[in-house]
Amino acid sequence: MYVAVKGGERAIDNAHAWLAEERRGDLEVPELSVAQIREQMTLAVNRVMAEGSLYDPDLAALAIKQARGDLIEAIFLIRAYRTTLPRFGGSNPVETETMQCERRVSATFKDAPGGQVLGPTFDYTHRLLDFKLAADGEPADVAMSEPHRGATPHIMSFLDREDLIQTEPAGNDVPDDLTRTPLELPASRALRLQSLTRGDEGFILGLAYSTQRGYARNHAFVAELRIGSVAVEMDIPELGFAIEIGEITVTECETVNQFQGSKTQPPQFTRGYGLVFGMTERKAISMALVDRALRWKELGEDNLGAPAQDEEFVLYHSDNIQATGFLEHIKLPHYVDFQSELELIRKLRREAHDAISREAAE
Amino acid sequence: MSDYNFAYLDEQTKRMIRRAILKGLAIPGYQVPFASREMPMPYGWGTGGVQVSAAVLTPDDTFKVIDQGADDTTNAVSIRRFFQKTAGVAVTEATAEASVIQTRHRIPEQDLRADQILVYQVPIPEPLRFLEPSEVETRKMHALEEYGLMHVKLYEDISQHGDIATAYAYPVKVEGRYVMDPSPIPKFDNPKLEMAGIQIFGAGREQRIYAIPPYTQVVSLDFDDYPFQPTKADHACDLCGAEESYLDELIMNDAGGRMFMCSDTDYCATRRKQGHVGAQGVPYKEAAT
């Protein structure tokens, strides 16, 4: 005798309780605090802020704790929270030239005003496990020097002065907000950049890598990569002027790409742009490469049919919250549709068998 | 729960969704883009349906959620709880008592009335998607009413398999204009798409809403010599004996034993309460459920 599957509610409650227990792990081990995650897992926090599109290190750290370290799950928590927040308005564009740089490197010039600053990078570490960290090693003393004061001009501006780099038209209007209007194609570059900056790091990285390997190759030099804090200012209508509402850390990458020219225009370098919340340089460089690949139409290049050139392909598949939700939904029951397929395939096989035996009889 | 607005979404968002719904009702079968929000459940798990439900629910409504026809599947439970928590609306498992029914993959067996709304969860709203992956292209095809590709696909099915090899999400033409994906309901349910109730389809991840107003003509695509045939398992329900309802097949043991039961759990329970007993059923009161 079949007992119908009941008890979904109790199963869900019990699953949640078990999840909470697993999250805490061994009670003998001290519990992680949100502050510890915020301070010691900063790059994870940065990724969650970037792809969650919400600059709040405390909430990102909380989300990472709640998600048991599953960063896409943490990003999802942040997105679901973010969407409940009111939108007060748009800030003025951040002036990255005034950034207090913690890191600033250029691959195109040996030196430039403002200097090269390596900053806290993994770049030249030897990837050897540091067993001292397992024994609670305290960091060694860090040498200090005078910080660079004043603005740090963009490397690109030097090329700009010589007219060697293609100019970007200034956009005065406030761009659409990807999270408030449905994406319709073709999308403006502003929308594309919004989509890329919150897109999945792995996906954007893979696409960028594909351009380097020849799928719409446009050899990119990192003209400049800078990481540091910038002021966010907003015009307050009641006041009639802009005030600083906070400071955020961002990573900015500008690439200078192979030149192009035409009968009317002498050859010029072109550029790709990446700007991402937090210290997220892999993402920012990837973003710049994909941005550049997506610009083929406006720059009069050929469509080579490469994935990174296909705006619809890139924008519709870069969001990991959309992707993971749809991917994982195939865990849900599908027995109604599967049943209809079962019946169809039985019918088709029956008909095929009948036809074969008819032929044999003849 | 007072931390959130009634039915979770803020009023501005609901207004935006209601506009999309009204536009959808005005152009039956047309996919209206809307600024889908991130919901606290994953994309692909009914976020489109949840946003539509949130936009149409009022405090006086009675809400029912089914997944695969059943009220007690885990995701149906989760969505029902969500609205109990955020909207405090009454909930029911009885089709007749509900004013708003959110569904995944089924249309209830019992005919809906004019005062009922059926909200569908839609994974891929574009009926032409698997023939043409580009959204830019498919929107153009709809605009030009260029549906030849779909007919070629159905024709190729017949030439290859001797039959139209689509068993669910079977494409329909709405009011002689738009070809529409009825969501992954079995084609058995297609004839029920012409009904008294309002039908609204929500695709959250794909940011589309579409609708079928009451008594709108909905025709399943077919050919004169290969007419559309709604199909179901050739059995009666083993619990309630119903012969006209869509059935789930259950594997009972590893010797190939199986039984069939109504996918619509409320329909089945109601019939058993009325005294109907299927081949393997027991009278309702003694049932363990």
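Residues numbered from 1 in each chain as written. Chains lettered and ligands numbered in written order. Predicted model: local features only at pLDDT ≥ 70, side-chain atom pairs only at ≥ 80, totals over all residues.

A. Just the overall build of chain A, in detail. Helices and strands together make up the secondary structure of chain A, namely 13 helices and four strands. Once the C-alpha set of chain A is aligned to its principal axes, its extents read approximately 85 × 70 × 55 Å. Across the 362 residues that make up chain A, the buried fraction comes to 31%. For chain A, long-range pairs separated by at least 24 residues make up 64% of all intrachain contacts whose partners lie at least 6 apart in sequence. (Helix = DSSP H or I, 4+ residues; strand = E, 2+ residues; numbered from the N terminus. Buried ≥ 20, exposed ≤ 12 C-beta atoms within 10 Å, placed from the backbone. Contact = placed C-beta atoms within 7 Å.)

B. Local environment of the overall build of chain B. When its secondary structure is counted, chain B shows six helices and twelve strands. Taking 19 Å as the expected radius of gyration for a compact globule of 289 residues, we find that chain B reaches 20 Å, a close match to that expectation. Its C-alpha atoms give chain B principal-axis dimensions of about 60 × 55 × 35 Å. A burial count over chain B gives 51% of its 289 residues as buried. (Rg over C-alpha atoms; globule rule 2.2 N^0.38 Å.)

C. Quick peek at the sheet that holds strand E6 (residues 172-174) of chain B. Residues and elements named next belong to chain B. With respect to topology, three strands assemble into an open sheet ordered E7-E6-E10, the strand pairing being antiparallel. The open sheet has two free edges, formed respectively by strand E7 (178-180) and strand E10 (218-220), since each of these has just one partner strand. Between one strand axis and the next, the sheet turns through 30 degrees on average, direction left out of account. (Pairing = 2+ DSSP bridges. Axes fitted to C-alpha atoms, helices over the stretch in contact; angles between N-to-C directions.)

D. Geometry of the sheet that holds strand E9 (residues 208-212) of chain B. All names here are of chain B. The sheet built from seven strands is open, its strands ordered E1-E9-E8-E5-E4-E2-E3 with mixed pairing. Each end of this open sheet is capped by a strand with a single partner; those strands are strand E1 (32-33) and strand E3 (90-91). By the bridge criterion, four bridges tie strand E4 (residues 100-104) to strand E5 (residues 117-121) in an arrangement that is parallel. Across the sheet, the residue bridging to Thr 103 is Tyr 120, located in E5. Here helix H2 (residues 47-56) sits on the sheet and contacts E4, E5, strand E8 (198-203) and E9; the angle it forms with E5, its principal contact strand, is near 155 degrees. Seen against the sheet, helix H3 (residues 74-86) touches strand E2 (62-67), E3 and E4 and runs at an angle of roughly 160 degrees to E2.

E. Focus on the pairing of strand E3 (residues 241-260) of chain A. Residues and elements named next belong to chain A. Direction of pairing for strand E2 (residues 220-236) relative to E3: antiparallel, over a ladder of 16 bridges. Paired with Glu 233 across the two strands is Glu 244, which belongs to E3. Connecting E2 to the antiparallel partner E3 that follows it, the hairpin turn spans four residues, and Gly 240 within it adopts a positive phi of roughly 85 degrees. Where E3 lies against strand E4 (residues 268-277), nine bridges are found, and the strand directions are antiparallel. Across the sheet, residue Cys 253 finds its bridge partner in E4, namely Gly 274.

F. Structural view of the packing of helix H1 (residues 8-24) of chain A against H3 of chain B. Interhelical geometry of H1 of chain A versus H3 of chain B gives an angle of 80 degrees and a closest axis separation of 9 Å. Between H1 of chain A and H3 of chain B, the crossing angle belongs to the class labelled roughly perpendicular. On H3 of chain B, the residues touching Gly 8, Glu 9, Ala 11 and Ile 12 of chain A of H1 of chain A are Thr 74, Val 77 and Ser 78 of chain B. Of the residues in the contact of H1 of chain A with H3 of chain B, the class split is three nonpolar, three polar and one charged. (Parallel < 35°, antiparallel > 145°, perpendicular 65-115°, else oblique. Nonpolar A, V, L, I, M, F, W, Y, C, P; charged D, E, K, R; others polar.)

G. Structural detail: the packing of helix H3 (residues 42-52) of chain A against helix H4 (residues 57-66) of chain A. Residues and elements named next belong to chain A. At a closest axis distance of 9 Å, the pairing of H3 and H4 adopts a crossing angle of 105 degrees. With respect to H4, the element H3 is oriented roughly perpendicular. In this structure, H3 contributes Ala 44, Val 45, Val 48, Met 49 and Gly 52 to the contact, and H4 contributes Pro 57, Ala 60, Ala 61, Ala 63 and Ile 64. Of the residues that constitute the contact of H3 with H4, the class distribution is nine nonpolar, one polar and no charged.

H. Spatial organisation of the interface of chain A and chain B. Residue-level contacts link 40 residues of chain A with 49 residues of chain B. Secondary-structure elements contributing two or more residues to the side of chain A that touches chain B are H1, helix H5 (71-82), helix H12 (320-328) and helix H13 (335-361) of chain A. The greatest single-element share of the side of chain A that touches chain B, amounting to twelve residues, is contributed by H13 of chain A.

I. Geometry of unusual backbone geometry. At the junction of Leu 185 of chain A and Pro 186 of chain A, the peptide bond is cis and its omega measures out at 0 degrees in the coordinates. With respect to the secondary-structure elements, Pro 186 of chain A resides in the loop between helix H7 (155-161) and helix H8 (189-197). A positive phi is found at Ser 53 of chain A, a non-glycine position, where the angle reads about 55 degrees. You can call Ser 53 of chain A partly exposed: it has 18 C-beta atoms within 10 Å. Of note in this structure, Ser 183 of chain B is not a glycine but carries a positive phi near 70 degrees. Owing to 27 C-beta atoms within 10 Å, Ser 183 of chain B belongs among the buried residues under this scheme.

J. Geometry of the nonpolar core. With 60 residues, the main nonpolar core has Val 48, Ala 60, Ala 63, Ile 64, Ala 74, Ile 78 and Val 290 of chain A as its most contacted residues. By size, the runner-up hydrophobic cluster in this structure holds 59 residues, among which are Met 16, Ile 101, Ala 169 and Leu 193 of chain B. (Core = buried A, V, L, I, M, F, W, Y, C linked by C-beta atoms within 7 Å.)

K. The arrangement of the environment of Arg 282 of chain A in detail. Residues and elements named next belong to chain A. With respect to the helices and strands, the residue Arg 282 is situated in helix H10 (residues 281-294). The spacing of Arg 282 and Pro 57 is 225 residues in sequence and 19 Å in space, taken between C-alpha atoms. Leave out the neighbours within four places in its chain, and Arg 282 touches Glu 201 and Leu 205.

L. Up close: the confidence of the model for chain B. When pLDDT is averaged along chain B, the result is 93; 97% of the residues meet or exceed 70. Scoring the predicted complex yields pTM 0.90 and, for the interface, ipTM 0.85. (pLDDT = per-residue confidence, 0-100.)

M. Spatial organisation of the confidence of the model for chain A. Scored by pLDDT, chain A has a mean of 90; 97% of the residues are at 70 or more. Within the model, pLDDT remains below 50 along residues 1-5 of chain A, and this stretch shows nine contacts once partners closer than five positions in the same chain are excluded.

N. A look at H4 of chain A. Residue and element names in this part refer to chain A. Most of H4 sits out of view: seven of its ten residues are buried. Three or more residues of H4 are buried, namely Pro 57, Leu 59, Ala 60, Ala 61, Leu 62, Ala 63 and Ile 64. Tucked inside the fold, the buried residues of H4 contact helix H2 (34-40), H3 and H5. In the segment just after H4, Arg 68 is the residue with positive phi, at about 60 degrees.

O. Structural view of the environment of Glu 38 of chain B. Looking at the secondary structure, you find Glu 38 of chain B in the loop between E1 and H2. In this structure, the C-alpha to C-alpha distance between Glu 38 of chain B and Gly 48 of chain B, residues ten residues apart in sequence, is 9.9 Å. Apart from residues no more than four positions distant in its own chain, Glu 38 of chain B is found in contact with Arg 79, Ala 80, Thr 83 and Ile 321 of chain A.

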